[in-house]
Amino acid sequence: MREFGELLRTHRIGAGLTQQQLADFAMVSVRAIRDLECGRTRSPRAETVRLLADGLRLDEGSRADLQQAGGRAAGRTAVAPPAPAGSSGVVVGREAETAALMALLTEGRPGVGAPGGRDVSGGAGGVRVAGGGADGVRGVAGVGGARAGERGQGDLRNVAGVVFGAPFDVSRRLITITGVSGVGKTRLALEVAGELHFRHGWSVLWHPAQATPSVDDEQNTVLVTDQRPDPRLLEAHPRLRIVVTALEPTGLPGEHLFPLGALGDDAAVKLLLTHVHRVRPAFRPEPANQAALTGLVHELDGLPSALEFAAGWFMVYSPQHLLERLRTNPLDPTSAHLRDSLRRSLSTLDEDGRALLARLADGEDAGHSGPMRELCLRGLVRRAGPRYEVLNLVRAAVREPVSGPHLTAGVALTWPV
């Protein structure tokens, strides 16, 4: 039997999580995880094992193996205990998105309280909430967020995920949060799941594997998964809601899409500083570095994962020096995991989508062609006034000289087989 620490580390790395990220998801201290992985602590408490398994979103078999390695009986519960949401210090700038998703799940309303179909965007390129009649949602303008320089904290232009294509009187029972890798889909799902459990008393199920979850039909339940769910679950369990986090739509009947855009400037800077203080506690923003901090979040597209990885470089670089490196190559200071994640986002496109993305990366104005919607849903492009532009990190991933099929103008993309 494998040692608990070794098994924990294998699951964590397989999930693409740092020790800090797992600590946030599982509500366990980083020190506890470090001590377990290095073998300093060999007999974790049963509650700690449960929280770690929830944070890792293990299936029943993997959960049982982890419990056994920790010297705990692998008992099965009728309904899996809810995984706590991440701490408020990590989920930054998602208040509007959280409220919108909560409303969809609990009230069947596609917004945050805007009646009568009025525009709640505050300007061009925003989200228009359609009226409550049979016509349903007409569409969403500005999917994927406004241009970085136009964003602001709490700006509803970043709430791209009203929904596509269904009447408002249909209950929102299957919602897919889409977006580019690193935008925070899982963290938003964690936050909403915590709200539903602690404020509304819902049961929360995590379902990362291809197994049939146990649902209690006596209470409202939300199932959070990164897999394509079995639609028969909704037929069998009337009080069940399903939230999927995915790089692309699942294509299931009755699916409601919630495209998640990048953070606004203020929220992105706040999140960046939160991570910076973990490696440089004495660092303080000041007038001399404020422009560089804003430039950093622009170059990194306001993507939470990119901000977290870049913060580690504050140990050796000033904000100004790091910004110079980013302007040369936005992917330079990020991890291999983020690189691979961005390429997985690219791999979900069909041939037309890839060709369009390559043209956009070269600066062409592609108008509003058919594949543009697919790029928007995946969070690979954003509105910049009347045009669409490719995210900086996505453009860098498209142009990076790596092995793989080549598109026009010699642009290389790695499409996983």
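Use the structure listed above.
Note that the structure is predicted; figures quoted are calculated from it, not measured.

A few words on the overall build of the chain. Counting secondary structure elements, the chain contains 16 helices and seven strands. Looking at the chain as a whole, 56% of its 417 residues qualify as buried. Of the contacts made within the chain by residues no fewer than 6 positions apart, 64% connect residues no fewer than 24 positions apart. Here the chain has roughly 17700 Å² of accessible surface; of this, 50% comes from carbon and sulfur atoms.

Let's shift gears to the packing of aromatic side chains. A complete count under the given rule lists two aromatic pairs for this structure. Ring geometry for W313 against Y317: centres 5.6 Å apart, planes inclined by 15°, an arrangement best described as stacked. A relative accessible area of 18% means that Y317 is categorised as buried. Seen from the ring of W313, R325 lies directly overhead, with NZ or CZ sitting 4.7 Å from the centre. When the ring centre of Y388 is taken as origin, the NZ or CZ atom of R383, which lies over that ring, is 5.2 Å away.

Let's shift gears to the nonpolar core. One finds L52, L101, L272, L357, L375, V381 and V394 to be the most contacted residues of the largest nonpolar core, which totals 92 residues. Ranked by residue count, the leading element in this core is helix α9 (residues 265-279), at seven residues. Setting aside its immediate chain neighbours within four residues, L357 contacts L346, L349, L375, L380, V381, V390, V394 and V398. L174, I242, V244 and L252 belong to the second largest nonpolar core, which has eleven residues in total.

Helical periodicity: at 3.6 residues per turn, an α-helix aligns residues three or four positions apart in one direction. For helix α10 (residues 287-299), which comprises 13 residues, the first-to-last C-alpha distance of 19 Å matches the rise-based estimate of 18 Å (1.5 Å per residue) to within 8%. Those residues of α10 lying buried are N289, A292, L293, G295, L296, V297 and E299. Check the buried side of α10 and you find it contacts α9, α11 (304-311), α12 (319-328) and α16 (392-399). Just past α10, the residue D301 takes up positive phi, approximately 65°.

Strand order in the open sheet made by the five strands is β2-β3-β4-β1-β5, with parallel pairing throughout. One side of each edge strand has no neighbouring strand; the edge strands of this open sheet are β2 (203-206) and β5 (256-259). The mean inter-strand angle of the sheet, taken between neighbouring strand axes irrespective of direction, is 20°. Direction of pairing for strand β1 (residues 174-178) relative to strand β4 (residues 240-246): parallel, over a ladder of five bridges. Residue pairing across strands places T176 opposite V244, the latter belonging to β4.

Turning our eyes to something else, we now look at the pattern of salt bridges. Applying the stated criterion to the full structure yields 18 salt bridges. Close ionic contact of R63 with D54 constitutes a salt bridge, the shortest N to O distance being 2.8 Å. Taking relative accessible area as the criterion, R63 reaches 16% and is therefore assigned buried. Ionic pairing is found between R382 and D301, a salt bridge with its closest N-O pair at 3.1 Å. Of this pair, R382 sits in strand β6 (residues 381-384) while D301 sits in the loop between α10 and α11, and the two are 81 residues apart along the sequence. Each of E248, R373, E374 and R378 takes part in salt bridges that share partners, so that together they form one network.

What follows concerns a nonpolar patch on the surface. A surface patch of nonpolar side chains, amounting to about 290 Å² of accessible area, comprises V279, M315 and V316. Along the polypeptide, V279 turns up in helix α9. Taking the relative accessible area as the measure of exposure, V279 reaches 31% and is therefore partly exposed.

Glancing now at the environment of V394. Within the secondary structure layout, V394 lies in helix α16. Here V394 falls in the buried class, since its relative accessible area comes to 2%. Between the alpha carbons of V394 and G379 there is a distance of 9.6 Å; along the sequence they are 15 residues apart. If sequence neighbours within four positions are ignored, V394 has contacts with V180, L342, L346, L357 and L380.

Where burial is concerned, most of strand β3 (residues 221-225) is hidden: five out of the five residues are buried. As paired elements, β2 and β3 share four bridges and run parallel to each other. Within β3, the residue paired with S203 across the bridge is T221. Note that β3 and β4 share five bridges and pair parallel. In the strand pairing of β4, T225 is matched with V244.

Within the secondary structure, T348 sits in the loop between α13 (336-347) and α14 (351-361). Taking relative accessible area as the criterion, T348 reaches 16% and is therefore assigned buried. In terms of polar contacts, T348 uses its side chain to reach the side chain of R378, at 2.8 Å. Every residue in contact with T348, bar those within four places of it in the chain, is listed here: L247, E248 and R378.

The rules behind the values
Residues numbered from 1 in each chain as written. Predicted model: local features only at pLDDT ≥ 70, side-chain atom pairs only at ≥ 80, totals over all residues. Heavy atoms only, no water. Helix = DSSP H or I, 4+ residues; strand = E, 2+ residues; numbered from the N terminus. Buried < 20%, exposed > 50% of the residue type's maximum accessible area, 1.4 Å probe, protein only. Contact = heavy atoms within 4.5 Å. Areas by Shrake-Rupley, 256 points an atom, 1.4 Å probe, with all protein chains shown as cover. Phe/Tyr/Trp six-rings, centres within 6.5 Å; stacked < 30°, edge-to-face > 60°. Lys NZ or Arg CZ within 6 Å of the ring centre and 35° of its normal. Core = buried A, V, L, I, M, F, W, Y, C linked by side-chain atoms within 4.5 Å. Expected span 1.5 Å × (residues − 1). Pairing = 2+ DSSP bridges. Axes fitted to C-alpha atoms, helices over the stretch in contact; angles between N-to-C directions. Salt bridge = Lys/Arg side-chain N within 4 Å of Asp/Glu carboxyl O. Patch = residues over 30% accessible without salt bridge, like charges linked within 9 Å, V, L, I, M, F, W, Y side chains within 5 Å. Polar contact = N/O pair within 3.5 Å; in protein donor to acceptor, adjacent residues only side chain to side chain.

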